[in-house]
Amino acid sequence: MKFVRKKPHFALDLAEKRSAFIEKACSALTSSLDLNVTLNQAASIGIPDLADWCIVDLLLEDQQTLYQPVIAHSDPAHVERVRELRRKFPPVLGTLQGVWSVIQNQKSVILPVAGEQWAMTAPAAEHRAILMSLDIRSIMLVPLIARGVAIGSLTLATSESGRNFNASDLSMAEALGRIAALAIDNSRLYTKSQRAIQLRDEFLTVASHELSTPMTSLRLQLPILNRYLTGNLPFKLSDEQLKSIIHNSDLQLARLAQLVQELLDISRINSGKPLTLDLSLFDLVDLAIEVRSRFEFEAKKQGCEILIHAKEKVIGRWDRSRLDQVIVNLISNALKYAPGKPVEISISPQSDHVVLTVRDFGIGIALEDQVRIFKKFERAVSARQYGGLGLGLAITESIVHLHGGRISVESQEGQGALFKVDLPTNVMSRAPR
Ligand code: ADP
């Protein structure tokens, strides 16, 4: 007869409890792709099965800022007190204890007995007073890790239940943390892919509209020239009118060329083929003056004067046609988003780099949009009001990075925008970042 070793009763209980807990967590956390639902599910599993408190800290994309989408406890007044605590005394990056250390070390922390002694370690009196009033007995912090990267942390604590956590609780909290991190990551990826699909669909609508606008204009104007030249036009055209038709057609062709260039560049960047640089020595001021001359007609049409402030030549080793594209993008945006106002370009050499700025006095860009506008298809204006593919800044940033430089924007809504390009003057042939 085969001898089967039976598990001791207490071990069986623990194992069963653990597997039931994990099963519950799995089914609850995989029930929705909505991030808020997922987060609330994580809290509802933590409480009351494991703890009296559940706090989820998540990192924003900048990896420097934490926010708390979940602070859960059965008493809303307690929740408000913790919210206030986090507002007044947010976890400090670089500290050896607490949320940040758990995130940075990707290791859990357990404090079986917290109590008054733990509350007294808080540096500020008000901080200590709030912690004392919460009567925290025991705490566990586990990292939320998805695809090897810490995305935040899960804090579980006890108070009124009077329980003290032990190693088995920690192992369950870690299991919950792993499942929750995966579910949060899935929700975020899903939201991101939905956004990308939405942006692509919007882009297709905008792109077809953008391409057809200059073509329609050309289709209307070129036959007039043709009929004028063949003597079939029933009215006379003055030299001024002729010039205007030719300039306008030129402008529409330039617009078409710019759009097609943007599409080619972005598809190259998308397919993983980097843009390449063809380096030569030239004067950046000379290039800016040349680009401005090409904008003469459009600037006049928009009621803008383009001013260039530069005290001396600024010679460097760059790709002339790519920097031409950078200046074209920044000027055309300034003319589009700041009609009737001057556009100021300044070029100032520093020791081993040069700073080129393009300032306008137009609609400006809200703070929350200033990072995303450098991503492809991202726009901070309505397509109905302003044309554009939302690609210019993404390509501009790629070109600037390829030169080893940086681009940034300073702006306030309604106060104009200042785009600043910082370029090293002696660019070596380099691979993209
Ligand atoms: P597009 O102008 O074709 O939309 P860009 O990539 O050049 O695409 O710019 C992205 C977004 O950034 C624009 O849609 C607009 O919301 C904002 N933007 C860019 N330049 C300016 C500017 N000078 N003033 C205000 N908003 C700007």
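Structure report, in brief. (Residues numbered from 1 in each chain as written. Predicted model: local features only at pLDDT ≥ 70, side-chain atom pairs only at ≥ 80, totals over all residues. Heavy atoms only, no water.)

1. Regarding the overall build of the protein
Applicable threshold: What counts as a helix is a DSSP run of H or I of at least four residues, what counts as a strand is a run of E of at least two, and both are numbered from the N terminus. Atoms considered for the radius of gyration are the C-alpha atoms alone. The globule rule reads 2.2 Å times the number of residues to the power 0.38. Under the scheme applied here, a residue whose accessible area is under 20% of the maximum for its type counts as buried, over 50% as exposed, and between as partly exposed, the area being computed with a 1.4 Å probe on protein chains only. By definition, residues are in contact when any of their heavy atoms lie within 4.5 Å. In short, Shrake-Rupley with a 1.4 Å probe defines the accessible areas, and a residue's cover is counted only from the protein chains shown. Charged residues are defined here as Lys and Arg on the positive side and Asp and Glu on the negative side; His and the ends of the chain fall outside this count. The atoms used to mark charge sites are NZ of Lys, CZ of Arg, CG of Asp and CD of Glu.
Looking only at helices and strands, the protein features twelve helices and twelve strands. Scaling as 2.2 N^0.38, a compact globule of 433 residues should have a C-alpha radius of gyration of about 22 Å, whereas the protein reaches 30 Å, well beyond that. Projected onto its principal axes, the C-alpha coordinates of the protein cover approximately 105 × 50 × 50 Å. Here the protein, with 433 residues, has 43% of them falling under the buried criterion. In the protein, the proportion of contacts linking residues at least 24 apart, taken out of those at least 6 apart, comes to 69%. For the protein, the exposed area adds up to about 24000 Å²; of that, 56% sits on carbon and sulfur atoms. The protein carries 50 positive and 47 negative side-chain charges, and their two centres are separated by 4 Å.

2. Let's talk about the nonpolar core
What counts, and what does not: For this analysis, a nonpolar core means a set of buried residues of the types Ala, Val, Leu, Ile, Met, Phe, Trp, Tyr and Cys, connected via side-chain atoms within 4.5 Å.
Leu284, Trp318, Leu323, Leu330, Ile347 and Phe419 are the most contacted members of the largest nonpolar core, which has 55 residues in total. At eight residues, helix α11 (residues 320–337) tops the list of elements feeding residues into this core. With residues up to four places along the chain from it excluded, the contact list for Leu323 reads Phe282, Leu284, Leu287, Trp318, Ile399, His403 and Leu423. Counting 34 residues, the second-largest nonpolar core is a separate cluster that includes Leu35, Ile45, Leu154 and Leu156.

3. A closer look at helix α8 (residues 239–270)
It helps to recall that an α-helix has 3.6 residues per turn; residues three or four apart then point in one direction. Our working rule: How far a helix is expected to stretch is found by multiplying one less than its residue total by 1.5 Å.
Here α8 is 32 residues long and its end C-alpha atoms lie 46 Å apart, about the 46 Å a rise of 1.5 Å per residue gives. Leu242, Ile245, Asn248, Ser249, Leu251, Gln252, Leu256, Gln258, Leu259, Glu262, Asp265 and Ile266 are the residues of α8 that are buried. Where α8 is buried, its residues touch α7 (167–229), α10 (296–302), α11 and α12 (392–402).

4. Considerations on the sheet that holds strand β11 (residues 406–411)
Which entries qualify depends on this criterion: Strand pairing is defined by DSSP finding a minimum of two bridges between the two strands. Axis lines are fitted to C-alpha atoms, over the contacting stretch for helices. Their N-to-C directions set the angle, which ranges from 0 to 180 degrees.
Here five strands make up an open sheet; going across it, the order is β7-β9-β10-β12-β11 and the pairing mixed. What marks the edges here is a single partner per strand, and that holds for β7 (306–309) and β11. On average, each strand axis in the sheet is inclined to that of its neighbour by 15 degrees, with strand direction left out of account. Note that β11 and strand β12 (residues 417–424) share six bridges and pair antiparallel. The partner of Ser408 across the bridge, within β12, is Lys420.

5. Thoughts on the side chain of Gln325
Tracing the sequence through the fold places Gln325 in helix α11. In this structure, Gln325 is in contact with Gln261, Asp265, Ile395 and Ile399, ignoring residues within four places of it in sequence.

6. Re unusual backbone geometry
When glycine is set aside, most residues are seen to have a negative phi, and most peptide bonds are trans. A cis amide bond, omega 5 degrees, links Ile47 with the succeeding residue Pro48. When you line up the elements, Pro48 lands in the loop between α2 (35–46) and β1 (53–59). Phi is positive for Gln63, which is not a glycine, with a value near 60 degrees. Counting through the fold element by element, Gln63 comes out in the loop between β1 and β2 (66–72). Accessibility expressed as a relative area gives 43% for Gln63, which makes it partly exposed.

7. Some points on the site of the ligand
Inclusion rule: If a single non-hydrogen atom of a residue is within 4 Å of a molecule or strand, that residue counts as near it. Here a polar contact means two N or O atoms within 3.5 Å. Within protein one must be a hydrogen donor candidate and the other an acceptor candidate, and residues neighboring in sequence count only if both atoms are side-chain atoms. Throughout, the ten residues Ala, Val, Leu, Ile, Met, Phe, Trp, Tyr, Cys and Pro are labelled nonpolar, Asp, Glu, Lys and Arg are labelled charged, and all others, Gly among them, are labelled polar.
Neighbouring the ligand are 19 residues; Tyr337, Asp360, Arg379, Ala380 and Leu393 lie closest to it. In this structure, an oxygen atom belonging to the ligand sits 2.8 Å away from a main-chain N or O atom of Leu393. The fraction of the free accessible surface of the ligand (530 Å²) that becomes covered by protein chains is 98%. Taken together, the elements giving at least two residues each to the shell around the ligand come down to α11 and α12. Among the residues forming the shell around the ligand, the class breakdown is ten nonpolar, five polar and four charged.

8. Side note on helix α3 (residues 76–88)
Counted only if it meets this: Within this analysis, the arc is defined by the directions that extend from the helix axis to the C-beta atoms.
A rise of 1.5 Å per residue sets the reference length of α3, with its 13 residues, at 18 Å; its end C-alpha atoms lie 18 Å apart and thus fit the reference within 8%. What α3 keeps buried is the set His78, Val79, Val82, Leu85 and Arg86. Looking straight down α3, one finds its buried side chains confined to an arc of 120 degrees; they lie on one side. In α3, those exposed residues whose orientation departs by more than 90 degrees from the buried face are Pro76 and Arg87.

9. A word on the packing of aromatic side chains
Quick reminder of the rule: Here is the rule: rings of Phe, Tyr and Trp (six-membered ring for Trp) pair when centre to centre is within 6.5 Å. Planes less than 30 degrees apart are stacked, more than 60 are edge-to-face, and the remainder are tilted.
The final tally for this structure, using the stated rule, is four aromatic pairs. On the basis of an interplanar angle of 65 degrees and a centroid distance of 6.3 Å, the ring pair of Phe374 and Phe419 is categorised as edge-to-face. Residue Phe374 is found in the loop between β10 (353–359) and α12, and its partner Phe419 is found in strand β12; the two are separated by 45 residues along the sequence. Overall, the relative accessible area of 7% leaves Phe419 in the buried class.

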